[in-house]
2 protein chains.
Amino acid sequence: MIGFETHDHSHCIATGVAAADARCREAGLRLTETRRRVLEILLERHRAMGAYEVLEVLGKGAKPPTAYRALDFLVKNGFAHRIERLNAFIACAHPGEDHAPAFLICRGCDAVAEAPSEATKGRLGEAARKVGFRIERAVVEAVGLCPKCQDAA
Amino acid sequence: MIGFETHDHSHCIATGVAAADARCREAGLRLTETRRRVLEILLERHRAMGAYEVLEVLGKGAKPPTAYRALDFLVKNGFAHRIERLNAFIACAHPGEDHAPAFLICRGCDAVAEAPSEATKGRLGEAARKVGFRIERAVVEAVGLCPKCQDAA
DNA sequence: CTTGATATGTTATATTGTAACGACTATCAA
DNA sequence: TTGATAGTCGTTACAATATAACATATCAAG
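Throughout what follows, the structure given in this document is the object of discussion. (Residues numbered from 1 in each chain as written. Chains lettered and ligands numbered in written order. Predicted model: local features only at pLDDT ≥ 70, side-chain atom pairs only at ≥ 80, totals over all residues. Heavy atoms only, no water.)

## Concerning the sheet that holds strand β5 (residues 134-145) of chain A
Read from one edge to the other, the open sheet built from six strands follows the order β4(A)-β3(A)-β5(A)-β5(B)-β3(B)-β4(B), with strand pairing classed as mixed. Looking at the sheet topology across the chains shown, the edges are occupied by β4 (112-115) of chain A together with β4 (112-115) of chain B. Recorded for the sheet is a direction-independent mean angle of 20° between the axes of neighbouring strands. Judged from the four bridges that link them, strand β3 (residues 102-106) of chain B and β4 of chain B form a sheet pairing that is antiparallel. Bridge pairing links Phe-103 of chain B to Glu-114 of chain B in β4 of chain B. Those strands touched by helix α5 (residues 123-131) of chain A are β5 of chain A together with β3, β4 and β5 (134-145) of chain B, and its axis lies near 40° from that of β3 of chain B. Lying over the sheet, helix α5 (residues 123-131) of chain B contacts β3 (102-106), β4 and β5 of chain A together with β5 of chain B, oriented at roughly 40° with respect to β3 of chain A. (Pairing = 2+ DSSP bridges. Helix = DSSP H or I, 4+ residues; strand = E, 2+ residues; numbered from the N terminus. Axes fitted to C-alpha atoms, helices over the stretch in contact; angles between N-to-C directions. Contact = heavy atoms within 4.5 Å.)

Written as structure tokens, this is what we have:
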């Protein structure tokens, strides 16, 4: 799990973009300038960002659809995730792997950690099967306090 | 679990409102006319409704804050839940019990079932403890197809 | 009845997200 | 090369969701 500990940012950014690049080449997807730039922005900040916040960083008088299109592309192809609870987006911490993550969201500092999720395997999966519901995608978002914010309080 | 099967609606509404009434009395909360009406609306429809949809049903030229305030009250006190993924609200299926539910959301017909959640107990809970994150609340929303919509497809 | 807390009505505005359309670009096949 | 096609982008306008702020009204306790 990639969590709240500090770490080497520049490495994150480099591997994140490289992974997206590689995966796009092999899948025939186009990692265009705007898309790459938005991914970099998410990786640099390394936290959940709203679409309009990304838009500001893009500058150049970019309009909402520009940000939303790039973000949609990144989310659809697994390079970023949408955090429903925050109406925000965050770079994926495990680019390339096929996964349905869970998130730990700190309500103090808005940091977001990505954890492996097995929502469809546990009792929720059982309950779903029992009533004949077919789960396609699961959103798991836990809100609480990260270690730093617990200390601060 | 309360799911996709058909059932006696009027019973739902009666018990839902009664439970809220009882719980408010014992907790010193005020289930005012608007709040009661909004709860009834959610119970009648028995599906996730947007705040503006509730507002329309309220009629009488009600303005957004009226709906949001009532919904906030109901959510805060456990009589309704917010479905992040849909920006919508649904009456609680287990009024009175203290619980952190998971939801099964059908993308075909927008029906929502409430299932017991144990997000903080399973591996997510372990992962959180491991990094020192204290979970306060968990949102679990699974998107997929309910039995009826699977048949239709 | 007064007081303090809570709830409501109202206006205005903030935030988040899309529809629609025309122009441009990459790719591929004839 | 040319044209066909699908995907992408810039732009305008707007839709949908949510909240701030402030005046008024209501309730419950002393």
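## Some remarks on the protein's contact with DNA strand D
Near DNA strand D you find 15 residues, and of these Thr-32 and Arg-69 of chain A together with Tyr-52, Tyr-68 and Arg-82 of chain B are the closest. Those atoms of DNA strand D that come within 4 Å of the protein belong to sugar or phosphate at a rate of 48%. Tyr-68 of chain B places a side-chain nitrogen or oxygen 2.9 Å from a phosphate oxygen of DNA strand D. Ranked by the residues each element gives to the surface near DNA strand D, the list is headed by helix α4 (residues 64-76) of chain B, at four residues. Class assignment of the residues belonging to the surface near DNA strand D gives a composition of five nonpolar, three polar and seven charged. (Near = heavy atom within 4 Å. Polar contact = N/O pair within 3.5 Å; in protein donor to acceptor, adjacent residues only side chain to side chain. Nonpolar A, V, L, I, M, F, W, Y, C, P; charged D, E, K, R; others polar.)

## Observations regarding the packing of helix α2 (residues 33-45) of chain B against α4 of chain B
Residues and elements named next belong to chain B. As a packed pair, α2 and α4 sit with axes 9 Å apart at the nearest point and diverge in direction by 80°. As judged from the angle between their axes, α2 and α4 are roughly perpendicular. The residues of α4 that touch α2, namely those facing Thr-34, Arg-35, Val-38, Leu-39 and Leu-42, are Thr-66, Ala-70, Leu-71, Phe-73 and Leu-74. Looking at the contact of α2 with α4 residue by residue, the classes come out as seven nonpolar, two polar and one charged. (Parallel < 35°, antiparallel > 145°, perpendicular 65-115°, else oblique.)

## Digging into the packing of aromatic side chains
Scanning all chains against the criterion turns up four aromatic pairs over all chains. Residues Tyr-52 of chain A and Tyr-68 of chain A carry aromatic rings whose centres are separated by 6.3 Å and whose planes lie at 75° to one another, so their mutual orientation is edge-to-face. With Tyr-52 of chain A in helix α3 (residues 51-58) and Tyr-68 of chain A in helix α4 (residues 64-76), this pair connects stretches of sequence that are 16 residues apart. Ring geometry for Phe-73 of chain B versus Phe-79 of chain B: centroids 6.5 Å apart, planes at 40°, classification tilted. Here Phe-73 of chain B matches Phe-79 of chain B in class, with each residue buried. The positively charged end of Arg-35 of chain A is found above the aromatic ring belonging to Phe-73 of chain A, 3.9 Å away from the centroid. (Phe/Tyr/Trp six-rings, centres within 6.5 Å; stacked < 30°, edge-to-face > 60°. Buried < 20%, exposed > 50% of the residue type's maximum accessible area, 1.4 Å probe, protein only. Lys NZ or Arg CZ within 6 Å of the ring centre and 35° of its normal.)

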